[in-house]
Amino acid sequence: MYKEYKGLNLPQIDQDILKFWEEHNIFQQSVEQRPAENSFVFYEGPPSANGKPGIHHVMARTVKDLFCRFHSMKGQRVERKGGWDTHGLPIELNVEKELGITKEDIGSKISVDEYNAKCRETVMRYKDMWDNITRKMGYWVDLDNPYITFENNYIETVWWLLQQLYQKGLLYKGFTIQPFSPAAGTGLSSHELNMPGTYKDIKDISAVAQFKIKGTADEYFLAWTTTPWTLPSNTALAVGKDITYVKVRAYNRYTGQLGTVILAKDRLSHYFTEAKPELQPEEVKAGNKPIPYLEVLGEVKGHELEGMEYEQLMGYVQPEKTAFKVLIGDFVSTDDGTGIVHIAPTFGADDFRVAAKYGIPPLLVKDEEGNSGPLVDRQGRFVKEVTDFAGRYVKDYGQEEERPVDADIVIKLKEENKLFHSEKYLHSYPHCWRTDRPVLYYPLDSWFVKATAAKERMYELNKTINWKPAATGENRFGKWLENLQDWNLSRSRYWGIPLPIWRTEDAKSEKCIGSVEELRQEIEKANQALGLQQQAPKDLHRPYIDEVVLVSEDGQPMKRETDLIDVWFDSGSMPYAQWHYPFENKEVFERKFPANFIAEGVDQTRGWFYTLHAIATMVFDSVAFKNVVSNGLVLDADGNKMSKSKGNVIDPFGAIEQYGADAVRWYMMANANPWDNLKFDLNGVGEVQRKFFGTLYNTYSFFSLYANIDQFDNAAPQVPLKTRPEIDQWIISLLNSLVKDTEADYANYEPTQAARKIQSFVTDNLSNWYVRLCRRRFWKPAQQQNGQAAGMDADKLAAYQTLYECLLTVSKLIAPVSPFFADWLYQNLNSATKLESHASVHLADFPSVSGSAIDKALEQRMDYAQRISSLVFALRKKEDLRVRQPLQKIMLPVLDPSFRAQVEQVSELIASEVNVKAIEYLDDTSGVLKKRIKPNFKTLGRRLGKDMKLAAGAIAKFSQEDIANLEKAGTYTLNANGNSYELTLEDFEITAEDIPGLLVANDGPLTVALDVTLTPELEAEGMARDIVNRIQNIRKDSNFEVTDRIAVQLQGHDALNSAVRHFGDYIKAETLANSLDLRPEVPGGQEIELPGGVNVQILVSRV
RNA sequence: AGUCUCGUAGCUCAGCUGGUUAGAGCGCUACACUGAUAAUGUAGAGGUCGGCGGUUCAAGUCCGCCCGAGACUACCA
């Protein structure tokens, strides 16, 4: 027996199937039943259980899950090891918020030990919630043996990787310019800089300084800055290679001295008004306004300036090497300023980079301890070497002073004839989110991975990766690789993987530790050399690891570099660290590297995708993954980003509980490509539930209802396909085409294509055409057997077998996307027939295509049938002729013999669908067809070129006679613009447009005419059908069983007597009536309404 | 600011290597159907394919610029 249900309840199905999976270890079986040699390797990007799961996680995990399930069904072993990302700033911030502390308090109010313990505890806070959503959404991942990034084994592998990089010379210490908050005394991450409210508009004093060119009397470069306090640190100027500069003879507005200044031509009008050869110095004393100049002496391109030297602007500190040169910088623009950029390598990231490229040194001073530092200390004050301004804060840190230091610098420059111009300047400037004070870009010591060394290799390897969508890989990721910078690994934090590098005080020797065992040995060495009693810490985190002192070859103590590493390195290490490679699981790792498939959000392009790729390239000279799907964002129904503050966050649990996991999953996959942003609309989920799952459910209920009555168990031999009715062959052909397409789509990581094709098959073809047209095949013979399921003729058997096959196959096709409903459907079917031995659809194989079942000609003629039927319905509608009223015939113009052959094979089907007695074909010779001609633009366009327009006009004017002549001759000579062209029939599209005197409808090349003449015979039959319909309604209203026999008494009437006389047997057969009696009166009957305003009494009773 | 993605009906999306009346589903309106019925059919309303310019006989489709949404990177003299 097939199980029958009262209604579709997807959430209930979720629960039942979930229970079944768990009780029978279906997930485990689905993995283990496949051979390990045939692995499909998937890497799970670790989520952080520190935040709650959102609806976007359901999206990302649906993508992951469905391809894993697909490859499982394709016979591959797909192990999915889960993982947890446990380090990182968000966790630290969370802890600090809860404890009400800041970073400065760590070490004083709370020990590092306690702090880290708290982090460790917080990190799994929402693990239960994550486990729960994982389970409820049907995401199959092994959460029993996850990798966890804070575990020692994980850390040890990361250390090993770092040591590999170190040994290849890819790890170095340097300094870079990073956002730094002097008020808080800490560097800031870009994450912290992106917090709301950090950028504020502030007014600063901007200055255009005059840099005197070496060896000239009075020639200057003009460079603009909004941070005059960086001028003492200037060591270079940058110009744009292709920018045109002008040399301008002008007076200095403050000193009245004559000089030649150089600035970008485009910026001339910003600082100067007009040329005045007779200009006097008094005329330029005005404040901030542009001033006139004497003359332009000449023009010069940026690249001609390259390498020129100038005199230091403010000589407090001298550089170590040659400096004060003009460089080419690609970032130089003429949008504002002078087109010449002042370079202070210690206080700007661009500055630092371009200076390093040219070997220009930064300006540094040594403090008491001999450490080098910039001219501004970590509190944000000038160092003592900057004598005039020593000890003064460079930005507003709450100090009280007469004037900001910028103003005093400007005054000093003014006095020395080094200032060209100065004004207040409003711009947005980042502030520390914790102290609200301005951030400085400040040189900080950091450890770097020399990613630039592997840039080309990464680029090459990337080309072998299949990205979905391709553009993300080629453009977004490719561009990123092209402009790659070295990877800053250092983080001055507490909760993360410690950098395993120990150094002597003088930094002359250092060691990079690659394993716990190595650490032990080094500790032993140090204990001996230094007389210590240390042991390797049980926990590799801070603070324990910080206490470890190692010893250098020459006996010096070595201390650990206090930095932690970027958490992105944690996750990028996951292919190796999840197996604790190379310390354990060597074979496992080798089998599982690289991944066949990974998937995460696009935001991971430069995150996880990059770190996986970088580490794999640098350490293993390999890709880390071969296929990657980067999915888009999940937005709310209005296209806004979901955020807690907007209150538009969709609760994934609620959505799944209300609509069922499958409806949510299916909606997400079918609605838009995963890589496009998804506007998540719960109404859309409801629609999927109703339309797709509802239809599929209805189809199954229909099947189960009659299959149970007929006790169809699919045990009888399959009726050979070729002997089944045309429509069976057709749906099986479509089904096989669908299997083929779906498989290709899944294999190509195109879930949306697959889902849409399946959906269209189920709703349009299977349900709305096949089942609708075949309904009676399922119940009609059963009636003839007096309600007994005694037997099954070949036609009926074929119908059951066909529908069964379709449903079973569909259950497998949808299994990757909607695992619950698929399993429900599969089990309902298979547990009744027991034809397959699998307990679950997820243990079954993906259906294979029977190529011989695919018949494209058949698919085409059924398409004709559907479209012709649709045209006839439209005509009936226009003439107000109900479908139950049989009509004599339809007529089809035939211009193409193969069309006729095709339609003839489905003519019966069309006739019964649209209720006509015959189909006639009107061929050309009938002479009644009115034709329509169009040029074939594709063939003609290329040949005719410019004459195409004329030709199209001429062809449009063809008369019926012209068309006839053309068809007879087969060629046509077209003259246009003095050119002559020989055209053949290929160059035209001729269709039948009209049949004069008949009711006609068109759909593209298809034309249908309907004969609407009614004979008394036809009217009687129409009436009979209406009577059947009314009786059926009464049966249904009276809740009779579909197999109940009845007796009918009908009140006589002129309009229906003939119908009963001629079609009485038909009416009885259709309605399972043992008798149909015409009576003058029907006492106790009910009134029914028949066409033509005929109201009569009828009595239907069960016998 | 740069790079990338996207912009087609009220909504969600198709639209193949450019080819001549731009499609579907949902929603809306009307009618029909009723042995799948929270389904179905037919018809109607609804589009200057974000804007401007270019290439071409022909542009939703190719190119340039602009506008808008989003992501990432950077935050600047």
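Residue positions within a chain follow its written sequence, with the count starting from 1. Think of it this way: whatever chain is written first is A, whatever ligand is written first is 1, and the rest follow in order. Local features are withheld for residues below a pLDDT of 70 in this predicted model, meaning they are given only at 70 or higher, and side-chain atom pairs are given and counted only at 80 or more; totals for whole chains, interfaces and linings count all residues. Calculation of side-chain values draws on the structure's entire complement of heavy atoms; hydrogens and water are dropped beforehand.

Taking an unreviewed UniProt entry as the reference, chain A is identified by name as Isoleucine--tRNA ligase belonging to Phaeodactylibacter luteus. UniProt positions are given in the numbering used here, feature names are shortened, and annotations may be inferred rather than shown by experiment. Listed under Sequence similarities (unreviewed entry) in UniProt, the entry text for chain A is "Belongs to the class-I aminoacyl-tRNA synthetase family. IleS type 2 subfamily."

S.K.: Explain the overall build of chain A residue by residue, including any values.
M.R.: When helices and strands are tallied, chain A shows 34 helices and 42 strands. Per-residue accessibility, obtained with a 1.4 Å probe over protein chains only, is compared with the maximum for each type, and a residue is labelled buried under 20%, exposed over 50%, and partly exposed between these values. Sorting the 1103 residues of chain A into buried and exposed places 55% on the buried side. Only heavy atoms matter for contacts: two residues are in contact if any of them lie within 4.5 Å across the pair. Put simply, of all contacts in chain A between residues at least 6 apart along the chain, 76% involve residues at least 24 apart. Surface exposure of chain A reaches about 48100 Å², of which carbon and sulfur atoms provide 46%. Only four residue types enter the tally: Lys and Arg on the positive side, Asp and Glu on the negative side; His and the chain ends are excluded. Charge positions come from single atoms, namely NZ of Lys, CZ of Arg, CG of Asp or CD of Glu. Within chain A, the 153 negative side-chain charges are centred at a point lying 1 Å from the centre of the 128 positive side-chain charges. Secondary structure counts use DSSP, requiring at least four H or I residues in a row for a helix and at least two E residues in a row for a strand, with both numbered from the N terminus. Values of accessible area rely on a 1.4 Å probe in the Shrake-Rupley scheme; residue burial ignores everything except the protein chains shown.

S.K.: Describe the packing of aromatic side chains, listing the residues and the values that go with them.
M.R.: What counts as a ring pair is set by centres within 6.5 Å for rings of Phe, Tyr and Trp (its six-membered ring), and what kind of pair is set by the plane angle: stacked under 30 degrees, edge-to-face over 60, tilted for all other angles. Scanning the model with the defined rule gives 67 aromatic pairs in all. Ring geometry for Phe712 against Tyr804: centres 6.3 Å apart, planes inclined by 70°, an arrangement best described as edge-to-face. You can see Phe712 sitting in the loop between α22 (682-709) and α23 (726-747) and its partner Tyr804 sitting in helix α25 (residues 794-814), a full 92 residues away along the chain. Here Phe712 matches Tyr804 in class, with each residue buried. Aromatic pair Tyr746 and Phe846: ring centres 6.0 Å apart, planes at 80°, arrangement edge-to-face. Here Tyr746, found in helix α23, pairs with Phe846, found in the loop between α26 (819-833) and α27 (856-879); they are 100 residues apart in sequence, far enough to count as distant. Since its relative accessible area comes to 0%, Tyr746 is described here as buried. Residue placement shows Arg69 over the ring face of Trp140; its charged tip is 3.8 Å from the ring centre. Directly above the aromatic system of Phe150 lies the positively charged group of Arg120, at a separation of 4.6 Å from the ring centroid. Over a ring means this: the NZ of a Lys or the CZ of an Arg is within 6 Å of the ring centre and within 35 degrees of the ring normal.

S.K.: So what's going on with the sheet that holds strand β37 (residues 999-1003)? Which residues, and what values?
M.R.: One bridge is not enough; two strands pair if DSSP finds at least two bridges between them. As summarised here, the arrangement of the 4 strands in space is β32-β31-β38-β37, forming an open sheet in which the pairing is mixed. Across the chains shown, the open sheet's two edge strands, defined by having one partner strand only, are β32 (916-923) and β37. Each strand of the sheet is rotated relative to its neighbour by a mean of 25°, with strand direction disregarded. In this sheet, strand β38 (residues 1006-1011) lies alongside strand β31 (residues 887-894) in antiparallel orientation, the contact comprising 3 bridges. Following the sheet pairing, Met891 is matched in β38 by Ala1009. To obtain an axis, a line is fitted to C-alpha atoms, over the contacting stretch when the element is a helix, and the angle between two such axes runs from 0 to 180 degrees between their N-to-C directions.

S.K.: With reference to specific residues and values, describe the pairing of strand β7 (residues 236-239).
M.R.: Along β7, one buried face is formed by Ala236 and Ala238 and the opposite face, lined by Leu237 and Val239, is buried too. With 4 bridges joining them, β7 and strand β13 (residues 325-328) adopt parallel strand pairing. Across the sheet, the residue bridging to Ala236 is Lys325, located in β13.

S.K.: Can you explain the pattern of salt bridges? Please cite residues and give values.
M.R.: What counts as a salt bridge is simple: a side-chain nitrogen of Lys or Arg found within 4 Å of a carboxyl oxygen of Asp or Glu. On inspection of all chains with the given rule, the structure shows 65 salt bridges. Between Glu121 and Lys118 there is a salt bridge, with the nearest N and O atoms lying 3.7 Å from each other. With Glu121 and Lys118 both in helix α5 (residues 112-122), this residue pair falls 3 residues apart, about one helical turn. Judged by its relative accessible area of 53%, Glu121 is exposed. Of the charged contacts in the structure, one is a salt bridge between Lys127 and Asp131, with a shortest N-O distance of 2.9 Å. One end of the pair is Lys127 and the other is Asp131, both in helix α6 (residues 127-136) and 4 residues apart, which spans about a single turn. Judged by relative accessible area, Lys127 falls into the partly exposed class, the value being 26%. Through salt bridges with shared partners, a single ionic network connects Arg392, Glu401, Glu402, Arg403 and Asp408.

S.K.: Quick rundown of the environment of Met862? Include the residues and the values.
M.R.: Tracing the chain through its elements places Met862 in helix α27. Remark: the alpha-carbon pair of Met862 and Val906, spanning 44 residues in sequence, is separated by 6.9 Å.

S.K.: Requested: an account of the sheet that holds strand β4 (residues 186-187), with residues and values cited.
M.R.: Read from one edge of the open sheet, 4 strands run β4-β3-β18-β20, paired in antiparallel fashion. Taken across any chain shown, the strands that pair with only one partner, and hence form the sheet edges, are β4 and β20 (487-488).

S.K.: Run through the domain arrangement of chain A, naming residues and quoting values.
M.R.: Either an automatic procedure or a domain database provided the assignment from which the domain bounds are taken. As far as domains go, chain A holds domain 1 (10-166 + 571-661), domain 2 (199-430), domain 3 (507-562), domain 4 (680-854), domain 5 (931-992) and domain 6 (1016-1102). Computed from C-alpha atoms alone, the centre-to-centre distance between domain 2 and domain 3 is 48 Å.

S.K.: Provide a residue-level description of the side chain of Glu913, including the pertinent values.
M.R.: Its location among the elements puts Glu913 in helix α29 (residues 907-914). Those residues within four positions of Glu913 in sequence are excluded, and the remaining contacts are Trp769, Arg772, Leu773, Ser869, Phe873 and Val883.

S.K.: Provide a residue-level description of the packing of helix α33 (residues 1016-1037) against helix α34 (residues 1054-1071), including the pertinent values.
M.R.: Packing of α33 against α34 brings their axes to within 8 Å, and their N-to-C directions diverge by 50°. By the angle class used here, α33 and α34 are oblique. By crossing handedness, the relation of α33 to α34 is classed as right-handed. Along its contact with α33, which presents Glu1017, Ala1020, Glu1021, Met1023, Ala1024, Arg1025, Ile1027, Val1028, Ile1031, Gln1032 and Arg1035, the element α34 presents Ala1055, Leu1056, Ser1058, Ala1059, Val1060, Phe1063, Tyr1066, Ile1067, Glu1070 and Thr1071. Of the residues in the contact of α33 with α34, the class split is 13 nonpolar, 3 polar and 5 charged. The scheme is simple: roughly parallel for angles under 35 degrees, roughly antiparallel for over 145, roughly perpendicular for 65 to 115, oblique for anything else. Handedness of a helix crossing follows the sense of rotation of the near helix relative to the far helix, less than a right angle counterclockwise being left-handed and clockwise being right-handed. Just so you know the grouping, Ala, Val, Leu, Ile, Met, Phe, Trp, Tyr, Cys and Pro go in nonpolar, Asp, Glu, Lys and Arg go in charged, and all remaining residues, Gly too, go in polar.

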